[in-house]
Amino acid sequence: GAVVSQHPSWVICKSGTSVKIECRSLDFQATTMFWYRQFPKQSLMLMATSNEGSKATYEQGVEKDKFLINHASLTLSTLTVTSAHPEDSSFYICSAKPSGGEDTQYFGPGTRLTVL
Amino acid sequence: AQKITQTQPGMFVQEKEAVTLDCTYDTSDPSYGLFWYKQPSSGEMIFLIYQGSYDQQNATEGRYSLNFQKARKSANLVISASQLGDSAMYFCAMRDVVTDSWGKLQFGAGTQVVVTP
């Protein structure tokens, strides 16, 4: 149980294009999902908290117009990197917190984005 | 301010030996949760163990145990009988229950563990 998927697992795109990453909780409902970014050899940095049916809450320093988050259902959140540039290249990981009150977050396998 | 501190950037451990990964935290919240995650080279974050601040006993999950010393604000992870597959990056994380209702996690810098035959 408690499986979270991400799609795509890796993506290469040209500078200036937009990329959408999906995060799905496969066997549980998640009112809250989180998006993290991880640079090589570094820890996870929280980008935003995504709540189903409401606007995402972004951490300080994260551009909400650049990283669009939509949490349209209890099992799906999407992150769209708009007008991607090489500095946006990173490992993006989502996590989902079960709606039943459990404290543990379950993570997706991550998406490696490379912007050329 | 850094709230989770992992002072060991990397460690070598011999197969079948036990290893302790250090984690200290800082919070004024009376209720909080502590987590350990494992991240192999493939990148996925694997949940290992959880300790609530009000839990009386140290958490254990198979070969993983959490040495929770509340007064010292430390939550060290102990891996017993190390296996080659334990080679990974290990992250300590904390959630403040009172100040954050959504369950945001703050992660430490991580400790790279390499298990040798």
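Below is a summary of the structure that appears in this document. (Residues numbered from 1 in each chain as written. Chains lettered and ligands numbered in written order. Predicted model: local features only at pLDDT ≥ 70, side-chain atom pairs only at ≥ 80, totals over all residues. Heavy atoms only, no water.)

### Looking at the sheet that holds strand 1 (residues 4-7) of chain A
Hydrogen bonds between backbone groups are what pair the strands of a sheet, and the pairing can be parallel or antiparallel. Residue and element names in this part refer to chain A. Strand order in the open sheet formed by 4 strands is 1-3-8-7, with antiparallel pairing between adjacent strands. At either end of the open sheet lies a strand with only one pairing partner, and these are strand 1 and strand 7 (67-73). Each adjacent strand pair in this sheet contributes to an overall mean axis angle of 15°, direction not counted. Across 4 bridges, strand 1 lies against strand 3 (residues 19-25) in antiparallel orientation. The residue bridging Gln6 from the neighbouring strand is Cys23, located in strand 3. (Pairing = 2+ DSSP bridges. Helix = DSSP H or I, 4+ residues; strand = E, 2+ residues; numbered from the N terminus. Axes fitted to C-alpha atoms, helices over the stretch in contact; angles between N-to-C directions.)

### Focus: the pattern of salt bridges
Following the criterion strictly, the structure yields 6 salt bridges over all chains and no others. The salt bridge partner of Asp88 of chain A is Lys66 of chain A, with a shortest N-O separation of 2.9 Å. Of this pair, Asp88 of chain A sits in the loop between strand 8 (76-81) and strand 9 (90-97) while Lys66 of chain A sits in the loop between strand 6 (57-58) and strand 7, placing them 22 residues apart in sequence. Judged by relative accessible area, which is 5%, Asp88 of chain A ranks as buried. One salt bridge connects Lys73 of chain B with Asp26 of chain B, and the closest N-O pair in it is separated by 3.7 Å. Pair noted here: Lys73 of chain B is in the loop between strand 8 (64-69) and strand 9 (74-79) and Asp26 of chain B is in the loop between strand 4 (24-25) and strand 5 (32-39), with a separation of 47 residues, a long-range link. (Salt bridge = Lys/Arg side-chain N within 4 Å of Asp/Glu carboxyl O. Buried < 20%, exposed > 50% of the residue type's maximum accessible area, 1.4 Å probe, protein only.)

### Things to note about the pairing of strand 3 of chain A
Residues and elements named next belong to chain A. Going residue by residue along strand 3, you find Val19, Ile21, Cys23 and Ser25 tucked away on one face and Lys20, Glu22 and Arg24 left uncovered on the opposite face. Where strand 3 lies against strand 8, 6 bridges are found, and the strand directions are antiparallel. When the bridges of strand 8 are listed, Glu22 appears paired with Thr78.

### Considering the state of the cysteines
All names here are of chain A. Per the counting criterion, the structure on display carries 2 disulfides over all chains. Between the sulfur atoms of Cys23 and its disulfide mate Cys94 the distance is 2.0 Å. Taking the torsion about the sulfur-sulfur bond, which here is approximately 80°, the covalent link between Cys23 and Cys94 counts as right-handed. Pair noted here: Cys23 is in strand 3 and Cys94 is in strand 9, with a separation of 71 residues, a long-range link. Pair check on accessibility: Cys23 and Cys94 agree, each one buried. Looking at the unpaired Cys13, the closest cysteine sulfur is the one in Cys94, lying at 18 Å. (Disulfide = S-S within 2.5 Å.)

### Looking at the interface of chain A and chain B
In this complex, chain A contributes 21 residues to the contact, which on the side of chain B involves 18 residues. Around 1600 Å² of area is buried between chain A and chain B when both sides are counted, 56% of it from carbon and sulfur atoms. Looking at the side of chain A facing chain B, the largest losses of area belong to Ser43, Asp103 and Phe107 of chain A, adding up to 30% of the total buried there. A salt bridge links Lys104 of chain B to Glu59 of chain A; the nearest nitrogen and oxygen atoms lie 3.1 Å apart. For the interface between chain A and chain B, the tally reads 5 residue pairs in polar contact (both at pLDDT 80 or more). Secondary structure elements with two or more residues in the side of chain A that touches chain B: strand 4 (32-38), strand 5 (44-51) and strand 9 of chain A. (Contact = heavy atoms within 4.5 Å. Buried area = accessible area lost by both parts, 1.4 Å probe. Polar contact = N/O pair within 3.5 Å; in protein donor to acceptor, adjacent residues only side chain to side chain.)

### Section: unusual backbone geometry
Cis geometry marks the peptide bond from His7 of chain A to Pro8 of chain A, where omega comes out at 0°. In this fold, Pro8 of chain A is placed in the loop between strand 1 and strand 2 (10-13). Phi is positive for Ser83 of chain A, which is not a glycine, with a value near 45°. Along the chain, Ser83 of chain A falls in the loop between strand 8 and strand 9. The partly exposed category is assigned to Ser83 of chain A, whose relative accessible area is 32%. If you check the backbone angles, Lys73 of chain B has positive phi at about 55° while not being a glycine.

### Topic: the packing of aromatic side chains
Evaluated as defined, the whole model comprises 13 aromatic pairs over all chains. An aromatic cluster is present here, built from Phe28, Tyr36, Tyr106 and Phe107 of chain A together with Phe35, Tyr37, Phe47, Tyr50, Phe91 and Phe107 of chain B joined pairwise through their rings. (Phe/Tyr/Trp six-rings, centres within 6.5 Å; stacked < 30°, edge-to-face > 60°.)

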